[in-house]
Amino acid sequence: MTALGKVVRTTAFKLSVIYFVVFSVFAVAFVLYLSWSTNTLLESQLKETIETEIRGLAEQGRSGGLAAIFQTIEQRSHSPGASLYLITDVNGRILTGNISQVPADLFERSGMGMITVPYERNLGEGPRHLAMVQVLRLPGGFWMLVGRDIGEREEFRQIIGRALIWAVALLIGLALVSWFFVSRRVLKRIDSVAATSRRIMAGDLTRRLEVTGTGDEFDRLANSLNAMLERIEHLLVQLRNVSDNIAHDLKTPLTRLRNRVESALAGPPSDETYRAALVSTIEESDRLIQTFNALLMIARIEAGPPEGAMTEVEAGAIVRDVAELYEPVAEEQGVELEAVTPEPVTLMANRELLGQALANLIDNAIKHGLPAGADRQLRIVMSTAEEHGRLVLRVADNGVGIPEADRARVLERFVRLEKSRSTAGSGLGLSLVNAVVAFHNGTIELADNAPGLSVTIRIPIAPET
Ligand SMILES: Nc1ncnc2c1ncn2[C@@H]1O[C@H](COP(=O)(O)OP(=O)(O)OP(=O)(O)O)[C@@H](O)[C@H]1O
Ligand SMILES: [Mg+2]
């Protein structure tokens, strides 16, 4: 593309051309209208003056005859002014008046009312002027002409013409200036956006678009694009962490599995050893499958709600069901499990997912709540309540709790605290709870139950439309 072609294709150039054309059309139309209306006004004034004069002369003709008209014209011709007079005889010979030259065919055109003709004054040799005249036939074959110079009007027309040329010149100037500014200020920023996005595409995800702080359209655009970039970066980092974690967390059990089989094969052949190796292989595989299932479930929940995912549910009933389900385990572990559901709370939600989330929280409390051999009994309280149009689901235990610094972290995938290394698990339980909460547009809060952990989930009862 040539340099000129590049310039012509810019928005700034197109905008400037559009401005220029629109303004020019308006300016020309305005000036033309102004000159037209002024012209008509001047012309009608001229005509009226001439008509008044003729009426005056006719009046004199009636009272004093031709002689009076001749005399008056003779007199007026010698006084200065813009009025023009002429009286000729039948042959066109000038008898009196202040005009020395008129077009030869003037008297043949005399029936046309007021006409514009060139003339020459007899006082002083000036250039030819234009006049508006009325020609009348007097008794006895005489011709009389009364008129007025229209030089003023011509001058006015010239002024308007000049003004028009200046206006258009000014507009071209303004268009150039606006083009300059638009291209300098606007296109520069667009170029910077383009340059930054190229750099981001090249792999520098930490880069952000420039925000000048003026709050203009570009700032707003840059802000939302930056927010988008922030989100993308966050997701990418998360994705990277997840894949790192998956690689790491699955590598360990897979290596363990392989090593066990290998050592069983390396020892002396015995059915017993083989059987034990196979059993532990199945157990390890089951755990792997569980981890995969949990990961898949989280991914599926995060992908969004499938058709018919939400039904009308009563939260209290779900809590009581989960409590019933965990009752045998709790009893076996010597854990007190209580469900507090004072009044029904009905909302649109997914029963299975809510149940799964509650189950994960109870599972955690039982598993991580108290270390083996603790001197007190673990007590878990599940409760439902309605508060400000939201369902409040709480699972609280009186165990060791989670230090404040770790509360946000444990919601992430594969995060397990140091103290839990000895227990089985993949660190996906709370991630799933978090995904379920997000799925329901809710919030989750981990707090100190003094002692223990209290997890509070708040879900809006009226679904957001
Ligand atoms: N009620 C609790 N009391 C004390 N610590 C807890 C409690 N719940 C969770 N934690 C801590 O948070 C960590 C993350 O919990 P999460 O449920 O995500 O994983 P997990 O229970 O270790 O494994 P999984 O649930 O996948 O079997 C746990 O490893 C534990 O250290
Ligand atoms: Mg768990």
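> Describe the site of ligand 1, naming the residues involved and giving the relevant values.
Taken together, 25 residues lie near ligand 1, and Asn364, Leu417, Gly425, Gly429 and Leu430 sit nearest. If you list the elements that add at least two residues to the shell around ligand 1, you get helix 7 (351-368) and helix 8 (429-439). A per-element tally of the shell around ligand 1 places helix 7 first, with five residues. Per-class residue counts for the shell around ligand 1 are nine nonpolar, twelve polar and four charged.

> Please set out the sheet that holds strand 4 (residues 115-121) residue by residue, giving values where relevant.
Read across the sheet, six strands follow the order 2-1-6-5-4-3 without closing on themselves; strand pairing throughout is antiparallel. What marks the edges here is a single partner per strand, and that holds for strand 2 (94-97) and strand 3 (99-101). Strand-to-strand, the axes of this sheet are offset by a mean angle of 45 degrees, without reference to chain direction. In terms of strand pairing, strand 3 meets strand 4 through two bridges, oriented antiparallel. Looking at strand 4, one finds that isoleucine 99 is bridged to arginine 121.

> Which residues make up the nonpolar core, and what values do they have?
Ranked by internal contacts, the top residues of the largest apolar core, which has 43 residues, are Ala357, Leu358, Leu361, Ile362, Val395 and Val436. The leading source of residues in this core is helix 7, at eight residues. Mapped onto the domain boundaries, this core takes at least three residues apiece from domain 2 (208-303) and domain 3 (311-460). Apart from the residues lying within four places of it in its own chain, the contact partners of valine 395 are Leu358, Leu361, Ile362, Ala365, Ile380, Met382 and Val455. Formed by 21 residues, the second largest nonpolar core is a distinct cluster that contains Ile87, Ile99, Val133 and Met144.

> Can you break down helix 8 residue by residue, with the values?
Counting buried positions along helix 8 yields ten of eleven residues, so the element is predominantly enclosed. Looking at the buried residues of helix 8, the elements they touch are helix 5 (271-302), helix 7, strand 12 (443-448) and strand 13 (453-460). Looking one or two residues past helix 8, asparagine 441 carries a phi angle of roughly 60 degrees, positive in sign.

> Could you give me a rundown of the domain arrangement of the protein chain, with the residues and numbers involved?
Under the domain assignment used here, the protein chain contains domain 1 (3-155), domain 2 (208-303) and domain 3 (311-460). Centre-to-centre separation of domain 1 and domain 2, based on C-alpha positions: 97 Å.

> Which residues make up the environment of arginine 207, and what values go with them?
Mapped onto the elements of the fold, arginine 207 is located in the loop between helix 3 (151-201) and helix 4 (217-266). Linking arginine 207 and glutamine 45, residues 162 residues apart in sequence, is a C-alpha distance of 74 Å. In this structure arginine 207 touches Thr196, Arg199 and Ile200, once residues within four positions along its chain are discounted.

The rules behind each value
Sequence positions are assigned chain by chain, starting from 1 and proceeding in written order. Throughout, the order in which chains and ligands are written sets their labels, letters from A for the former and numbers from 1 for the latter. The predicted nature of this model means local features are confined to residues of pLDDT at least 70 and side-chain atom pairs, given and counted, to a pLDDT of 80 or more, with totals for whole chains, interfaces and linings taken over all residues. Whether a residue is near a molecule or strand depends on its C-beta atom, placed from the backbone, lying within 6 Å of it. Numbering of helices and strands runs from the N terminus; a helix is a DSSP stretch of H or I covering at least four residues, while a strand is a stretch of E covering at least two. By the convention adopted, Pro, Cys, Tyr, Trp, Phe, Met, Ile, Leu, Val and Ala count as nonpolar, Lys, Arg, Asp and Glu as charged, and the other residues, Gly among them, as polar. We call two strands paired when DSSP finds no fewer than two bridges between them. Throughout, an axis means a line fitted to C-alpha atoms (over the contacting stretch in the case of helices), and angles, computed between N-to-C directions, take values from 0 to 180 degrees. Connectivity within a nonpolar core runs through C-beta atoms within 7 Å, and the core itself is a set of buried Ala, Val, Leu, Ile, Met, Phe, Trp, Tyr and Cys residues. Any residue whose C-beta has 12 or fewer other C-beta atoms within 10 Å is treated as exposed, any with 20 or more as buried, and any in between as partly exposed, C-beta atoms being built from the backbone. Where each domain begins and ends follows an automated or database-derived domain assignment. Placing C-beta atoms from the backbone, we regard two residues as in contact once those atoms come within 7 Å.

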